[in-house]
Amino acid sequence: AKEAFQHLVPPVEVPTEDTVTALNMTKHRKDWYKLLQPSDSFALANCAVAFKENEKGAYSFEITEKFQQSLMMGKTTSRKMQVRVSSKDKEKEWIAALTR
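Here the structure is a predicted model, which means the values were calculated and not measured. (Residues numbered from 1 in each chain as written. Predicted model: local features only at pLDDT ≥ 70, side-chain atom pairs only at ≥ 80, totals over all residues. Heavy atoms only, no water.)

*Asks:* How would you summarise the packing of aromatic side chains if you had to cite specific residues and measurements?
*Replies:* Applying the stated criterion across every chain yields a total of one aromatic pair. The lysine or arginine in question, Arg79, covers the ring of Phe42, its NZ or CZ lying 4.5 Å from the ring centre. (Phe/Tyr/Trp six-rings, centres within 6.5 Å; stacked < 30°, edge-to-face > 60°. Lys NZ or Arg CZ within 6 Å of the ring centre and 35° of its normal.)

Laid out in structure tokens, this is it:
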């Protein structure tokens with residue numbers, strides 16, 4: 001059984017300084033921290049959180065942000081995001097945390 005397990009496990013090569021230098025892996029590496037940048041963000045001070053009822057028992061709420069698009073024209077724009085959670089308790093917990 002142990003030999004069968006060893007045959008199923010792929011070989012693992014631990015990189016060393018020599019192999020990294022030889023393969024020159026630093027040129028091909030992507031900047032990992034760029035994946036951590038958010039694609040969207042909301043200023044909670046400009047947001048309203050509203051409970052949204054669904055027929056199928058899905059628990060969700062909506063966040064609406066209003067902000068001025070142009071200071072000179074006085075034009076306001078709004079963005080909405082709907083958040084779904086697993087239970088009614090989680091929904092209440094999220095709404096309480098966002099409206100503090």
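*Asks:* Give a description of the pattern of salt bridges that names residues and reports values.
*Replies:* Tallying each qualifying case throughout the model produces three salt bridges. The residue Lys80 makes a salt bridge to Glu62 at a minimum N-O spacing of 3.9 Å. Note that Lys80 is positioned in strand 3 (residues 75-85) and Glu62 in strand 2 (residues 59-70), a separation of 18 residues in sequence. Given the relative accessible area of 58%, Lys80 is considered exposed. Glu62 sits in the buried class, given a relative accessible area of 17%. Of the charged contacts in the structure, one is a salt bridge between Glu91 and Lys88, with a shortest N-O distance of 3.3 Å. Residue Glu91 and its partner Lys88 are located together in helix 3 (residues 88-98), separated by three residues, close to a single helical turn. Glu91 gets classed as buried once you look at its relative accessible area, which sits at 2%. On the basis of relative accessibility, which here comes to 32%, the residue Lys88 falls in the partly exposed class. (Salt bridge = Lys/Arg side-chain N within 4 Å of Asp/Glu carboxyl O. Helix = DSSP H or I, 4+ residues; strand = E, 2+ residues; numbered from the N terminus. Buried < 20%, exposed > 50% of the residue type's maximum accessible area, 1.4 Å probe, protein only.)

*Asks:* Can you break down the nonpolar core residue by residue, with the values?
*Replies:* In terms of nonpolar packing, the biggest core is built from six residues, these being Cys47, Phe61, Ile63, Val83, Val85 and Leu98. Counting residues per element, the ones that place at least two in this core are strand 2 and strand 3. Aside from chain neighbours lying at most four places away, what touches Val83 is Tyr59, Ser60, Phe61 and Ile63. (Core = buried A, V, L, I, M, F, W, Y, C linked by side-chain atoms within 4.5 Å. Contact = heavy atoms within 4.5 Å.)

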